[in-house]
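# A structural walkthrough
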Amino acid sequence: MLQAAVYSNQIVGLEDYFQSNPKVAYHFLIVDGKTRHDLRPYDLLIVPNGTDQIAVGRLKRDIHAFLDAGKTVFCFDGWFTDWVPGNQWVMDNSRKTINIRYTVRSDRHGLFDGISVEDFTFLHGMSGWWACGYINPAPAADVVLEDTWGRAIIVLDEHTTPGTLLLTASGPLGDSSYGLTDNAGTFASLARFYHRLLDRLVIPTPVS
Amino acid sequence: MIGLIFNGVWSQYTFARAAKYRALYRLIYVHDLDATQLEGLEALVIPFQSNQVALSARKELIYDFLAAGKKVFVEGDSSASWLDARWEDRPVNNYWWVTDPDNPPVSATDYTHPVYQGLKPRHACWHTHGAYTRIPEGAEIVQTNAAGEVISWQTGTYGGTLFATTLDPVVEHGIQQITHLDNYVDRMTAWLCGKTPAGEFTFAAADFGVTPERALA
């Protein structure tokens, strides 16, 4: 079973997205801008949508040590502070959401195999609902998903650190898509994509 | 100047850093909230996705601020541990204007309230995050949904004016996916501090990729 740490700033509904199940046990680590946590017991660190990016920024060295140990970090949030090695999210509202379309650019792990990209683009016929802004990716990172204008929306970076970074341009993902959308197709696609990330990107620590 | 209680959430940050609003709102990191941080402020906004546990631990500061005759504007969810009201979650409908445009999530609004004066119905409600099933005795109801549940209310019981709504104007405006929110947020801002925001909702690249200390400066 994977052991996942989830940073929590105690926003409403957060724990509904990450309910432990036979595949993964979730452990919520409360962030408050001061407290540090021992990340060594975990295979995966999740920075969910709506996280306290001030607190996470102050935990930068601990996160880098986690990555240096070959572990995996998922960030499904708009990280305006500078804690992600090599990659930076930037907010932007210069493009109209009605024109947003996503396409898969580089998917060496088959993360989107059998998953509808349309469900990331549209909700109830409205486009641009899922992510905001874009990512300036590290030079060696894979841009998995790009938008209409070729800007990075999902980035997989297996080169900048010894670990693995999976980043979305603030697009929310969770073990259950509870609360993200009431559209059944979108619900299924987002949850399937998240589980694909768990299956193909996270290496469980061997139990001795 | 309005204090914006900040839980480190990106949409709270982008709102406060937007060119249109940055001179009128000051981010106050919720874990740093103390009496000194509130000095000189005319109003406080507690946005959606706030840390209710941290707020509860500092609730005396909020009520001291109200007792000084100031305004406090609470958005989205809240907790009965610091607010004398009961908030309950409800499914969010943010596509009603596509599927059922004649049936918005708010069915009745008091358009005589200064925040709502001159607003069209679609500007007065985009979507709601839950509802209030109990509000303080004597509070005025400003908005309700079709089920008669309270969406927005206010009270002068604590000295100043406490306004609460399950709308999420700051967070949603920071997200920038709804283009008409200037109407609501500009009226809200003018009511809170007496100044009407001007200019465009634009971002500066220099506000991204910064240290936490720079983000709070």
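Refer to the structure above for everything that follows.
To keep things clear, this report deals only with the structure shown in the data block. (Residues numbered from 1 in each chain as written. Chains lettered and ligands numbered in written order. Predicted model: local features only at pLDDT ≥ 70, side-chain atom pairs only at ≥ 80, totals over all residues. Heavy atoms only, no water.)

## Things to note about the packing of aromatic side chains
All names here are of chain A. What the rule picks out here adds up to 30 aromatic pairs over all chains. An angle of 70° between the planes, with centres 6.1 Å apart, marks the rings of F76 and Y194 as edge-to-face. Of this pair, F76 sits in the loop between β4 (72–75) and β5 (88–90) while Y194 sits in helix α5 (residues 184–201), and the two are 118 residues apart along the sequence. Exposure class is identical for F76 and Y194. Each is buried. (Phe/Tyr/Trp six-rings, centres within 6.5 Å; stacked < 30°, edge-to-face > 60°. Helix = DSSP H or I, 4+ residues; strand = E, 2+ residues; numbered from the N terminus. Buried < 20%, exposed > 50% of the residue type's maximum accessible area, 1.4 Å probe, protein only.)

## A closer look at the interface of chain A and chain B
If you look at the interface, chain A gives 38 residues, while chain B gives 36 residues. Across the chain A/chain B interface, buried area totals approximately 2900 Å², and carbon plus sulfur atoms make up 59% of it. Linking chain A with chain B are one salt bridge. The partner of E213 of chain B in a salt bridge is R58 of chain A, and the shortest N-O contact between them spans 3.1 Å. Counting across the interface, chain A meets chain B through 14 residue pairs in polar contact (both at pLDDT 80 or more). The set of elements that each furnish at least two residues to the side of chain A that touches chain B consists of α2 (53–58) and β5 of chain A. No other element matches the five residues that α2 of chain A contributes to the side of chain A that touches chain B. Grouping the constituent residues of the side of chain A that touches chain B by class yields 14 nonpolar, 16 polar and eight charged. (Contact = heavy atoms within 4.5 Å. Buried area = accessible area lost by both parts, 1.4 Å probe. Salt bridge = Lys/Arg side-chain N within 4 Å of Asp/Glu carboxyl O. Polar contact = N/O pair within 3.5 Å; in protein donor to acceptor, adjacent residues only side chain to side chain. Nonpolar A, V, L, I, M, F, W, Y, C, P; charged D, E, K, R; others polar.)

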